Amino acid sequence: MKKYYADRTGIGILFVIIFLLVIILTTLSLIFLSFLPILMWIVIGLFAAAFFAVVIVWLPLYFKNLCYFITDEEVVANTGVFFKNKRIMKLSALQYFTCVTTPFSEKTGFNFVVLNALGGNIILLFLSHRDMDEIAKTLSLVIKQKKEG
Amino acid sequence: MHRQHPVKIVKLMSKNFWLLLIPLVRGLISLKGDFYGWVRGAWVDILILLFIVGSAYIRWLFSTYAVGENSIDYRAGIFGRMKLSIPFTALSAVAAERFFLFRPINAVNLFVDTNSGFINAPDLKITVARKDYNVLFKKLSKPLEGEIKTSYKPSRLNLIFFSLIFSSTLSGVIFIATFIFQSGKIIGQSLETLLLTTAADISEKLIVGLPPLAVAASIIIAAGWIFSFVTNILRYIGFRIKREGKRIFIRTGFLTKRRYYINPEKINYADIQQNLLMKIFSVMSVHVNCTGYGKAKNELPVFVPITTKAQVISSLRFLLPDLQPSPNSVKPKLAVIFRYIMFPFYFMMGIPIAAEILYHFFPFWKSMIVFVTVMAEIPTIWLLIVKFVSFFTTGISENGENICINYCSWFKYHTIIIPKEKIATITLTQNKFQTFADSCNLIIYSNNEFAKSHMLISMPLKEIKELLNSAGLCKSELRFFK
């Protein structure tokens, strides 16, 4: 059995993306809602509160809880912060998988694997490049053994 | 890795491209070739068009595929790169479509499906060069030692009859209505108005006494059915099916040629279909439920288009030897016959009453009310007859590793042959009235991409419980049913 954790480099990237998004939305509020200052400040306050809640509180907890187990028979994905989610997929049900990478994913940790199986799929999020390659090799072996079996 | 056929660039452009291009060209023509004036006025639209073409080209540039020894590999994406590899063993069906406009340029649309992935769309949809399509099907049809080959090809008359029976008025009307509506959007409202006015004028000249609107609707419905009939003929002419060991290949189509590979182990169930007329003449049509086959719009998952019962049984013995029908061992009791005809009976009685009430309030609409009443009453009476006959044909039986279910859904009779291992869920329901008759409704859900149920109504509860126990489908006691 092997355990994989999310690559925490992704938190930094997400922090920057969400921060930029909040800046853009705040600027737009300053431009378009300046005729009603109270509403403008309420909206900006909401954006700031959402930024704090997501980036400072929720995101680190999410990445801390995000982990995956791959055994000989199944894949288990643990996700969630306040509502914990455990998804178990039998490897015998696996049909094929998809690897998704982004630019500079070796540095950013934005690597994803989608496991497609009978009745649903599981997405493994924010893996490091090395972990993604390792998981891909393991799953290819499983599919090959299924074919030979 | 190869790039997809360049014609894919056209398909990757959004529909908005054509909605923008045609008015732009119209504008240029109306300016009588004043190119600079046209550019000055329409530069934003031109930029958007160039952006659409450019982004389609870049998306095409970054998507590649390869047909490996044991899998199909695909890479796509510009910023988010996607890599997938579908092994041949995971394939449930592969459809290859040589669209008639693409045939001169040797482009083939491939739709690859497995029992996972997207529900409403194939797992992989690519446009390849004809040589790669040949390579893929050559690998899929690599002959193995000792495998038995068998094939079936229906006659042209059978195929015409099949298209006659299975043409859908609804699909034809939807197409014509969409065409009229969309052409109005692109070319201008004048075309839509012209078409509708012409239809009403013709209806007035042809028939006296019926409201023009009703006749115009009848003409559109008839045109819709004819359209569907012609497209079905073109789709299914040349149909032939071949089984080679553990592989099934189907070829069909006249203008647009289609070829299918089906993995018979991934077939969820076989569905022998009849309507009342087909039952009288003892002909039937065999469809199958297999992910990826019959998924496209207006495509029927047909296995044996239409033929006599004896021919169907003998064809199934070769094409699907594991799925054979069997006679009903459990049937509904006579006491529940009214349950089968209940709803069409109530509708048949209710339609004239509703018409009377409407006529009382809107007497100036008499001719329209009479027309609609007659049009509604005819299919209702037909449905009543169909449901009455269904009482005598409904039932269930166990046949080795399969369960054979006979039931009627709307105007169609179904004989479903489903392996026990492909049954996902079984539900027994019983309302208060059924308690007195000691009957129940049995609903069987099959393994599918989406939930598909087969319902038998008012079946004898004791016999159903015995059958489920003997088939090993229900190991626990059914405590809620006495």
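Before any of the text, the structure's been laid out above.
Everything numeric in this text was worked out from a predicted model, so none of it was measured. (Residues numbered from 1 in each chain as written. Chains lettered and ligands numbered in written order. Predicted model: local features only at pLDDT ≥ 70, side-chain atom pairs only at ≥ 80, totals over all residues. Heavy atoms only, no water.)

With that out of the way, let us pick up the overall build of chain B. Within chain B one finds 14 helices and 20 strands. For chain B, the residues scored as buried account for 44% of the 482 residues in total. Excluding contacts between residues fewer than 6 apart, the proportion of contacts in chain B whose partners are at least 24 apart in sequence is 59%. (Helix = DSSP H or I, 4+ residues; strand = E, 2+ residues; numbered from the N terminus. Buried < 20%, exposed > 50% of the residue type's maximum accessible area, 1.4 Å probe, protein only. Contact = heavy atoms within 4.5 Å.)

Right, let's talk about a positive patch on the surface for a bit. Positive charge collects at one region of the surface, where Lys153(B), Arg156(B), Arg240(B), Arg251(B) and Lys257(B) lie side by side. Assignment of secondary structure puts Lys153(B) in the loop between strand 8 (149–152) and helix 5 (156–166). (Patch = residues over 30% accessible without salt bridge, like charges linked within 9 Å, V, L, I, M, F, W, Y side chains within 5 Å. Areas by Shrake-Rupley, 256 points an atom, 1.4 Å probe, with all protein chains shown as cover. Salt bridge = Lys/Arg side-chain N within 4 Å of Asp/Glu carboxyl O. Lys, Arg positive; Asp, Glu negative; His and termini not counted. Charge placed at Lys NZ, Arg CZ, Asp CG, Glu CD.)

The next subject is the packing of helix 1 (residues 9–32) of chain A against helix 2 (residues 37–65) of chain A. All names here are of chain A. One way to put it is that helix 1 packs onto helix 2 with a least axis distance of 10 Å and a crossing angle of 175 degrees. Taken together, the axes of helix 1 and helix 2 lie roughly antiparallel to each other. Here helix 1 contributes Gly10, Ile11, Leu14, Phe15, Ile18, Phe19, Val22, Leu25, Thr26, Ser29 and Leu30 to the contact with helix 2, which in turn contributes Met40, Val43, Ile44, Phe47, Phe51, Val54, Val55, Leu59, Pro60 and Phe63. Across the contact of helix 1 with helix 2, the residue classes break down as 18 nonpolar, 3 polar and no charged. (Axes fitted to C-alpha atoms, helices over the stretch in contact; angles between N-to-C directions. Parallel < 35°, antiparallel > 145°, perpendicular 65-115°, else oblique. Nonpolar A, V, L, I, M, F, W, Y, C, P; charged D, E, K, R; others polar.)

This brings us to the packing of aromatic side chains. Tallied over the entire structure, the rule returns 27 aromatic pairs over all chains. Where Phe249(B) meets Tyr261(B), the ring centres are 5.7 Å apart and the plane angle is 50 degrees; that geometry is what we call tilted. Here Phe249(B), found in strand 10 (residues 247–252), pairs with Tyr261(B), found in strand 11 (residues 257–262); they are 12 residues apart in sequence, far enough to count as distant. Each of the two residues, Phe249(B) as well as Tyr261(B), counts as buried. Considering the side-chain rings of Phe391(B) and Phe392(B), the 5.1 Å spacing of their centres and the 80 degrees angle between planes classify their relative orientation as edge-to-face. Aromatic ring contacts, followed pair by pair, group Trp58(A), Tyr62(A), Phe63(A), Phe110(A), Phe112(A) and Phe126(A) into a single cluster. The ring of Tyr413(B) is capped by Lys279(B), whose NZ or CZ atom sits 4.8 Å from the centre of that ring. (Phe/Tyr/Trp six-rings, centres within 6.5 Å; stacked < 30°, edge-to-face > 60°. Lys NZ or Arg CZ within 6 Å of the ring centre and 35° of its normal.)

All names here are of chain A. Core analysis: the largest hydrophobic core is formed by 38 residues, its most contacted members being Phe63, Val113, Leu115, Leu124, Phe126 and Leu139. Top contributing element to this core by residue count: helix 4 (residues 129–148), with 6 residues. In this structure phenylalanine 126 touches Ala6, Asp7, Leu14, Tyr62, Phe63, Leu66, Gly109, Phe110, Asn111 and Phe112, once residues within four positions along its chain are discounted. (Core = buried A, V, L, I, M, F, W, Y, C linked by side-chain atoms within 4.5 Å.)

This part is about the interface of chain A and chain B. Contact residues are listed per partner, giving 15 residues for chain A and 18 residues for chain B. When chain A packs against chain B, the two sides together hide about 1300 Å² of surface, and 57% of this comes from carbon and sulfur. Broken down residue by residue, the surface that chain A buries against chain B is led by Gln95(A), Tyr96(A) and Lys147(A), which jointly contribute 43%. At the surface where chain A touches chain B, the tally comes to 0 salt bridges. Taken together, the connections running from chain A to chain B amount to 3 residue pairs in polar contact (both at pLDDT 80 or more). (Buried area = accessible area lost by both parts, 1.4 Å probe. Polar contact = N/O pair within 3.5 Å; in protein donor to acceptor, adjacent residues only side chain to side chain.)

Residue and element names in this part refer to chain B. Ordered in space as 14-13-12-17-16-15, the 6 strands form an open sheet in which the pairing is antiparallel. Both edges of this open sheet fall to strand 14 (302–308) and strand 15 (395–399), since each of them pairs with a single strand only. Between one strand and the next, the sheet's axes are offset by a mean angle of 20 degrees, whatever the strand orientation. As paired strands, strand 15 and strand 16 (residues 402–409) are joined by 5 bridges and run antiparallel to one another. For asparagine 399, the partnering residue across the bridge sits in strand 16 and is asparagine 402. Across the face of the sheet, helix 12 (residues 366–393) comes into contact with strand 15, strand 16 and strand 17 (412–419) while running at roughly 160 degrees to strand 16. (Pairing = 2+ DSSP bridges.)

The subject of this paragraph is unusual backbone geometry. Residues and elements named next belong to chain B. Even without being a glycine, asparagine 106 presents a positive backbone phi close to 55 degrees. Mapped onto the fold, asparagine 106 is located in the loop between strand 5 (91–98) and strand 6 (107–114). Overall, asparagine 106 belongs to the partly exposed group, its relative accessible area being 39%. For serine 282, which is not glycine, the phi dihedral falls at a positive 55 degrees. Residue placement: serine 282 occurs in the loop between helix 9 (276–280) and strand 13 (283–290).

Another point: the sheet that holds strand 7 (residues 124–129) of chain B. Sheet strands pair via backbone hydrogen bonds, and the direction of the pair is either parallel or antiparallel. Residues and elements named next belong to chain B. Spatially, the 7 strands line up as an open sheet ordered 7-6-5-11-10-9-8, and their pairing is antiparallel. In this open sheet, the two strands that pair with only one neighbour each are strand 7 and strand 8. Within this sheet the neighbouring strands show an average axis-to-axis angle of 15 degrees, counted without direction. Judged from the 5 bridges that link them, strand 9 (residues 240–244) and strand 10 form a sheet pairing that is antiparallel. Paired with isoleucine 241 across the two strands is isoleucine 250, which belongs to strand 10. Sheet contacts for helix 4 (residues 130–140): strand 5, strand 6, strand 7, strand 10 and strand 11; angle to strand 5, the most-contacted strand, approximately 150 degrees.

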